[in-house]
Amino acid sequence: MTPFPLRRTASALAVSLLLTLAACGGGDDDDKDSGAQPSVPDATMHFNRVSTFTICAQVGSSCESDTPVNAEIVAASSDGMTLIYTSGLSKQIGFVDITDPSAPVGLGSLTLDGEPTSVAVVGAHALVAVNTSPSFVAPAGKLVVVNIASRSVVAELDLGGQPDSVAVSKDGRYAAIAIENERDEDVNDGAIPQLPAGRLAIVDLVGAPTAWTRRDVDLGGLATLYGSDPEPEYVSINEDNIAVVTLQENNHIALIDLATGAVTGHFSAGSVTLEGVDLTDERPNLIQFTQTQTDRLREPDGVTWISKTQFATANEGDLAGGSRGFTVFDRSGSVAWDSGMDLEYRLARIGHTNDRRNDAKGNEPENVAFGRFGSTDYLFVASERSSVVAVYDMSRPTAPAYKQALPGALSPEGLLTLPSRGLMVSASEVDDRGLPARAALNLYRYEKAAPAYPTIESADRSDGKPIPWGALSGLVAAPSGNTVYAVDDSFYRANRIFTVDVGVTPAVIRSELRITDANDVLKNFGATLPAARDPQAFDQTDVAAMINADRTVNLDPEGISLASAGGFWIASEGAGSKTAYETGRNISSANLLLRVSATGVIEEVIALPDAVNALQTRYGFEGVAESDGKLVVAMQRPWLGETMPRIAVYDLTARTWQFHFYPLDPATSPNGGWVGLSEITALGSNRFLVVERDNQNGPDARIKRLYRIDLSGAADGATLRKTLVRDLMPDLRATRGPVLEKIEGLAVLASGEALFVTDNDGVNDSSGETQLVRLGRILN
């Protein structure tokens, strides 16, 4: 936690009572009543993203502002037509009209005098928990009651401490607020206890909001770990008005009867031993699910009742725990089911493993929500670090069945189910225009259709665990059939070539091939370079750093092509720039072409001429295509002293270089940035497709284009002409998510079908979403 982050919070309930009983807004209080029919799985129905509302659209009329605004917790009005979300970054709550869920409309924001941590709904009012603490040792907060229609404050109730989660009972009789009084992580490295202690506040919602009163429930002394400092985190209420409260740092769970305020039960959340887990993010790391983590504390964050007698927890972890999944508990405290490594493996299969977090808490499931859609019960699990919402069919609560995964903006936190409208909403909290990443509300519709995501998944390794993948940066089609080959970039520091079957939906990564320097070809190439360390040149030390101890290689493959001699050509982008061009970015690797055998062994290395290398900046090789006896390479941006990027041509017979210049479109994004090339694909007869794009995503993206160039008769040093083939922005918008920044791979199948793939940056400061987009036969 960061100082007063005001996160991880509550259910949002729509309590116009008839609708609430049918469709419980807030998602985490939609449990089955005693007369409900048994849940029945439905293989024909799935959730698909229908729209994304970017929160920065509430700032003026556009997102052309750096003002940080986000969405953490989301609730719905009683009729399910208006969303209310918290923005701790801007100290506001916002309102969005979802009468048409495919076209949300911002209704504006209400500024508060503190940071909202959670919101729930009762009748015509939004109940907003607001942190007004001047310091960690003097926690303070209040419950602000807002009329949703007028978007005005009608009452305030002092809470006597720093609130986190808020939930409302189905009958509209009670609100329960977790008063966390969170610790200062700068004191004793965040160790607890740190007083004053937290507690649960119960608000009796009797009469007008100005007449509501508060009762407090002492939660101290329950847990064995840090009993004097319970730090309650999240709360959910069942139909019997029993609140379940997670005490995350204490790895404990408490049950409170809201009518009496009595603690009716409490127990440890326990631990789990994870078998087949990856516990390192050291480079290189191919992600090996081979380690064991013994007795890992669950340390649950979000919690939701799934019936009167069972609830589920999101086991995010905090101090020393986090079990990378979720658990179903009986009301007695016994474990009915634990996901173990299931969620981790599911996310690895779809390219959402966040390897930078593997040494910590993995995907970090932060929140859970429950809802019955049609005749089927579903649990939604928000993964903070993998940026997806996993959906499980809960027809058998003792054996939940994985249904699908839902992509969205970076770091989902709040979850809301609206079964009466067939909608589920997630709130993504990270907002940083510089990443770039903008916070958003992600809306999904329950419909009779196949899942639109993922577009790529992987098969299993020989050990039965999925092939982990991500950061796809280049594509090339096989000479026939529906196979393409992809390569990953420098993120994993141990590069692989993937064989992808695009004849099925989703496409399937059938195998992975590690690139190695088993014959010392790269090593011997390095021996021809200067031995002395030179920050402005490529030298032997740089090459040595590219070869791992096991002889896998740490390149930056940005392009891949089939080699006529067999195997593949790989274009590896250099790193660093001349200090005169970019201060502090010294040369650490060169732009190289490498011929790799069908078994992944490097067989040849080709470097640029010294005179061209002398102009190196950090944006180099971005794609390669062998055609008509030549290697044609797209270089991303202009190099030192130049105004256009180069198209480099290497004659395989003469072993000589020729260079042309490519005229880029000017950057038009309101966020500035740059435009460059990111892929090249051969069409034959000296014609090529190139991807030209800006380095922006979401509302700031403007240029994602496919051009054709013809090198026939082009003289050395000539400026090429280009022909627009397709504007790819509509194709990216058709996913109904944020426009993704990096189109990095392009291939044309033997059938003439073109397709492109986006790079998810290894899920590092990225939503992890990968889109393989099929364009059809656009060249006919």
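Residues numbered from 1 in each chain as written. Predicted model: local features only at pLDDT ≥ 70, side-chain atom pairs only at ≥ 80, totals over all residues. Heavy atoms only, no water.

Turning to the packing of aromatic side chains, a few remarks are in order. All told, the structure shown has 22 aromatic pairs when counted by the stated rule. When the ring of Phe 289 is compared with that of Tyr 345, the centres are 5.1 Å apart and the planes differ by 70°; the resulting orientation is edge-to-face. Of this pair, Phe 289 sits in the loop between strand 18 (271-277) and strand 19 (291-297) while Tyr 345 sits in helix 2 (residues 342-349), and the two are 56 residues apart along the sequence. Judged by its relative accessible area of 3%, Phe 289 is buried. Look at Phe 491 and Tyr 492: their rings are 4.9 Å apart centre to centre, the planes differ by 90°, and that puts the pair in the edge-to-face class. A single burial state applies to Phe 491 and to Tyr 492, both of which are buried. (Phe/Tyr/Trp six-rings, centres within 6.5 Å; stacked < 30°, edge-to-face > 60°. Helix = DSSP H or I, 4+ residues; strand = E, 2+ residues; numbered from the N terminus. Buried < 20%, exposed > 50% of the residue type's maximum accessible area, 1.4 Å probe, protein only.)

Turning our attention to the pattern of salt bridges. Summed over the entire model, instances satisfying the criterion amount to 42 salt bridges. The salt bridge partner of Asp 520 is Arg 551, with a shortest N-O separation of 2.6 Å. Placement of Asp 520 in the loop between strand 35 (507-514) and helix 3 (521-527) and of Arg 551 in the loop between helix 4 (540-545) and strand 36 (557-562) is noted, with a sequence separation of 31 residues between them. Asp 520 sits in the partly exposed class, given a relative accessible area of 24%. (Salt bridge = Lys/Arg side-chain N within 4 Å of Asp/Glu carboxyl O.)

Here the focus is the side chain of Ser 597. Within the secondary structure layout, Ser 597 lies in the loop between strand 38 (592-596) and strand 39 (602-607). By relative accessible area, Ser 597 is classed as buried at 9%. There is a polar contact of 2.8 Å between the side chain of Ser 597 and the side chain of Thr 599. Ignoring sequence-local partners within four residues, the contact set of Ser 597 consists of Leu 513, Gly 567, Phe 568 and Glu 603. (Polar contact = N/O pair within 3.5 Å; in protein donor to acceptor, adjacent residues only side chain to side chain. Contact = heavy atoms within 4.5 Å.)

This part covers helix 2. Within helix 2 the residues assigned to the buried category are Leu 343, Glu 344, Tyr 345, Leu 347 and Ala 348. As for helix 2, its buried residues are in contact with strand 18, strand 24 (365-373), strand 25 (376-383), strand 26 (388-393) and strand 31 (456-458). Gly 351 sits one or two positions beyond helix 2 and adopts a positive phi of about 80°.

The strand order across the open sheet formed by four strands is 36-37-38-39, and the pairing between neighbours is antiparallel. Every interior strand has two partners, whereas the edge strands, strand 36 and strand 39, have only one. Here the strands of the sheet are splayed against their neighbours by 20° on average, with no regard to which way each runs. For strand 37 (residues 568-572) and strand 38, the ladder comprises five bridges, and the chain directions are antiparallel. Residue pairing for strand 38: Ser 572 is matched across the bridge by Leu 592. (Pairing = 2+ DSSP bridges. Axes fitted to C-alpha atoms, helices over the stretch in contact; angles between N-to-C directions.)

What follows is about the pairing of strand 48 (residues 743-748). A large share of strand 48 lies buried, amounting to six of its six residues. Taken together, the five bridges between strand 48 and strand 49 (residues 754-758) define a ladder with antiparallel strand orientation. Bridge pairing links Val 748 to Ala 754 in strand 49.

By themselves, these are just geometric observations and shouldn't be taken as functional.
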